[in-house]
Amino acid sequence: MLCAWRLGGLELRAAALWPGRAGLGGFGAGIRAREVSTSWSPVGAAFNVKPQGRRLDLFGERRGLFGVPELSAPEGFRIAQENALRKADLLVERVCSLPPGPQTVLIFDELSDSLCRVADLADFVKIAHPERAFREAAEEACRSIGTMVEKLNTNVELYQSLQKLLADKKLVDSLDPETRRVAELFMFDFEISGIHLDEEKRKRAVDLNVKILDLSNTFLMGTNFPNKIEKHLLPEHIHRNFVVTGSHVIIDGLHAEAPDDLVREAAYKIFLYPNAGQLKCLEELLSNRDLLAKLVGYSTYSHRALQGTIAKNPGKLVHPELMPWDPPYYSGVIRAERYNIEPSLYCPFFSLGACMEGLNILFTKLLGITLYAEQPAKGEVWCEDVRKLAVVHESEGLLGYIYCDFFQRADKPHQDCHFTIRGGRLKEDGEYQLPVVVLMLNLPHSSRNSPTLLTPGMMENLFHEMGHAMHSMLGRTRYQHVTGTRCPTDFAEVPSILMEYFANDYRVVTQFARHYQTGQSLPKNMVSRLCESKKVCAAADMQLQVFYATLDQIYHGKHPLRTSTTDILRETQEKFYGLPYVPNTVSLHGKQEYYYHLLRARRQTTSSCFAREPLISLSNNPVS
C-alpha cells in the first residue's frame, strides 16, 4: 500500500562514489553474526545480522528524527510547524508582490516544500513512532499544517499571482514543459478546492476540508486497533493461535493462511465485527466528502477525486461452499498441491538479507544503482531495528535515503506501505534536495538461530514496496510538487507492479535465493514451480480487487446513500465477489480506495520490454 501528502494547490550531485565514505556499511561493526556457511554482501549482512545495540555515547549530540535537529523531542514538532508556517507566510507575501514569471512557479514549489517537509514527516510519525508523546505531537502538526494548506488553497491573492502567469500566453510559451505542467497542477488544485466560490463558500470549503482531514485520521487510526473477545467464548484449543492477555483473546488480523478452518472463521468474524464508532465515522466522512464535492462543482466525490488521474472519471471502471475467510488459505492449498509448493520449504532461501541482496543486484544491473547500509546517528531513528540505506548511482552519486522500518512491534499499524518524508527538488542554490522515504513492513523478528525468513508472498510484497521507494529516488524533478510518487495515484502503482514481475521471474529469483545456512541456491525446479504457481487463482484475486474498487466508487458516488454502508457492503459483495456476506462483519480497513488505483495500474503495466532479459541495463533497453 502507497502513503503521501498531496497538499492541494501547494503540493545530485554527490562528488564521489560511495565505497570510501566513512560511516557506510556501519552495521558490519558491533554485530553478532550467526553461524552460517555463507557470506553476505554488506547490504545483506545489514538485514541478516542482529545489532548488538548502539555503542554507548554519553556525550554525542542527539540529532533528532531523520536528522532534523528539532525532532530530538516531541516538543520539536511545534517548533518545526511554527517555522514552516512562518516561512509560508513570507513566501506568500513574496510571490504576491512579484510580477508573474518562472519565479512564480519556483516560489509556489518552495512554499509547498516548506509545508510538506513537516507534514509528510509528521504523517508517518503519528502512526509509526512507538512513543505516544511523539505520535500526539505529530498528529497536531499534521492538523496545523493541513489547515494552513486548505486556507492557502482558497487564498484569492495567491491564486491571482498564478492566474496572471497562466493568462499571459507569451509568458506561458516561454516556460519549459516541466514548469508549465507544474503551474497547471497548482492551478488545478486551486480549482478543485473551490477558489471560484464566493468568500462565504470558500470558508465553508476550508471548514469541510479540515473536518474531512480529522475524520480521515480518526477512521484510519481506528482501523489499526485489534479486537478482543473473552477467552471462554472461543474453543480453548485455538487460543494458541492468538495473543492471550488475562481473560481476553486479542485478534489483530484475519489469519487468512491458517490451516484450521475454525481459526480463520473466528479471526474473520471477530476482527471484522462492526464497531459503532467506526461506522458512524465512515458515514460522516462520506457525507462530508460528498458535501465538499458538490460545493466545489462536482456531482460526486468520485468525480472530484479522479480528476487528474489517468482514469479521469468513474465511468471507466470496470467444492464445499467457500466463505470469505477461505480463499487465501485454499489458493495456497491449490498451489501446494498442483506445484508441490510448501512455503516453509522456501523460507530458508528467502532470508531478509538474501532478498535485499536480490534487490541490490537487480538495481545495480538494471539502473546502475547500489544500496549501502549506513549507521544512523543518535536519535535519528525511532526504533533500534530501523535500518538506513543510502541509494547511490554509479555516475550521479547519492540519490537519497530509504529508512527500512521492517519489523513487528507493539502498537505498530498492521499495514505495509511507503511514506515520503521529504521530496526531491532543485534548490535555488543549484543543489538537489535529496528525497527521504520510509518503507514500513510487518516482518517477524529474527530468532536466536536464524535471521528473518520471508515466505514467497512476503518476498513479493517487499519487492512491491521497494518499487515505490525507487520511484521516489529516481523521479528526480525540478519541483517537489511532482517528484517521485507525487503523480496520478493510479500511475504511482505501476513501478511497484513492475517489481512484482521481477519477483516472479525465475531468472531474477535465481540471482539471490540461497539457503541462509548452507549457501545453496534455490533449486531451479523449485524456482520454476514457485513462479508458475503465482498464476494460480489470479482471477479470484482480481475479483476481490474489483469488489473493493466497486465498493469505493459506490461509497463516493451519489449521496445521500440509499441505505447504510453495511447494507451496501453486503449487496456489493454478493453481486461482485460471489462469496456470501457474513452477518455482523464489516470491511472498514482504510484501504479499499487503493484497490481501484491498483486495478488501473495492473492494466497499464507491461513486462514485455524485459521478457527476453530482465537484468539488462535500461540504457540498452529503454522503457517507452
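One can find the structure itself at the top, above this paragraph.
Residues numbered from 1 in each chain as written. Predicted model: local features only at pLDDT ≥ 70, side-chain atom pairs only at ≥ 80, totals over all residues. Heavy atoms only, no water.

Now for empty space enclosed by the protein. Considering only enclosed or pocket space, the largest cavity measures out at about 40 Å³ in volume. In terms of lining, the largest cavity is formed by Thr420, Arg422, Gly423, Gly424, Pro435, Val437, Ser472, Thr483, Gly484 and Thr485. Among the residues making up the lining of the largest cavity, the classes are represented as 2 nonpolar, 7 polar and 1 charged. (1 Å grid on protein atoms, 1.4 Å probe; cavity = no way out; pocket = protein on both sides within 12 Å on 5 of 7 lines; lining within 4 Å. Points joined across faces, edges and corners; volume = space filled by probe spheres on them. Nonpolar A, V, L, I, M, F, W, Y, C, P; charged D, E, K, R; others polar.)

Turning to the pattern of salt bridges, a few remarks are in order. In total, this model carries 24 salt bridges according to the counting rule given. In this structure, the salt-bridge partner of Arg94 is Glu428, at a minimum N-O distance of 3.8 Å. Residue Arg94 is classed as partly exposed on the basis of its relative accessible area, which comes to 30%. One salt-bridge network, in which partners are shared between bridges, spans Asp261, Arg264 and Asp326. (Salt bridge = Lys/Arg side-chain N within 4 Å of Asp/Glu carboxyl O. Buried < 20%, exposed > 50% of the residue type's maximum accessible area, 1.4 Å probe, protein only.)

Two elements in contact, helix 3 (residues 102–128) and helix 5 (residues 156–167), have axes separated by 10 Å at closest approach and are oriented at 145°. Our pair here, helix 3 against helix 5, has a crossing hand that is left-handed. Residue-level inspection shows Thr104, Val105, Phe108 and Leu111 of helix 3 in contact with helix 5, the latter providing Leu158, Ser161, Leu162 and Leu165. (Axes fitted to C-alpha atoms, helices over the stretch in contact; angles between N-to-C directions. Helix = DSSP H or I, 4+ residues; strand = E, 2+ residues; numbered from the N terminus. Left-handed = near helix turned anticlockwise from the far one by under 90°. Contact = heavy atoms within 4.5 Å.)

What follows deals with the pairing of strand 8 (residues 387–393). Taken across its 7 residues, strand 8 has 7 buried, putting it largely inside the fold. Burial of the side chains of strand 8 extends over both faces: Arg387, Leu389, Val391 and His393 are buried on one face and Lys388, Ala390 and Val392 on the other. Of the strand pairs in this sheet, strand 7 (residues 369–374) and strand 8 are connected by 6 bridges, and their pairing is antiparallel. The residue bridging Tyr372 from the neighbouring strand is Ala390, located in strand 8. The sheet contact formed by strand 8 and strand 9 (residues 397–407) spans 7 bridges and is antiparallel. Looking at strand 9, one finds that Ala390 is bridged to Tyr401. (Pairing = 2+ DSSP bridges.)

A word on the nonpolar core. Among the nonpolar cores identified, the biggest contains 62 residues, and Phe66, Phe77, Leu115, Phe124, Trp382 and Tyr403 are the most heavily contacted of them. Counting 49 residues, the second-largest nonpolar core is a separate cluster that includes Leu352, Met356, Leu498 and Leu530. (Core = buried A, V, L, I, M, F, W, Y, C linked by side-chain atoms within 4.5 Å.)

On to the packing of aromatic side chains, then. One pass over the structure, following the stated rule, counts 15 aromatic pairs. One aromatic cluster is present, built from ring pairs that chain together Phe66, Phe124, Trp382, Tyr403 and Phe419. Residue placement shows Arg476 over the ring face of Tyr432; its charged tip is 4.3 Å from the ring centre. (Phe/Tyr/Trp six-rings, centres within 6.5 Å; stacked < 30°, edge-to-face > 60°. Lys NZ or Arg CZ within 6 Å of the ring centre and 35° of its normal.)

This part is about the environment of Leu166. For Leu166, the position within the fold is in helix 5. Residue classification places Leu166 among the partly exposed residues on the basis of a relative accessible area of 26%. In sequence terms Leu166 and Arg180 are 14 residues apart; their C-alpha atoms lie 8.5 Å from each other. Beyond its immediate stretch of four places on either side in the chain, Leu166 contacts Val172, Ala183, Glu184 and Met187.

Before going further, it helps to spend a moment on helix 8 (residues 199–222). Helix length check: helix 8 (24 residues) gives 35 Å between terminal C-alpha atoms against 34 Å at 1.5 Å per residue, within 8%. Every buried residue of helix 8 is listed here: Arg202, Ala205, Val206, Leu208, Asn209, Val210, Ile212, Leu215, Ser216, Asn217, Phe219 and Gly222. Contact partners of the buried residues in helix 8: helix 3, helix 4 (132–153), helix 5, helix 10 (276–295) and helix 11 (301–306). Sitting at the head of helix 8, Asp198 places a side-chain oxygen 3.2 Å from the backbone nitrogen of Glu200. (Expected span 1.5 Å × (residues − 1). Polar contact = N/O pair within 3.5 Å; in protein donor to acceptor, adjacent residues only side chain to side chain.)

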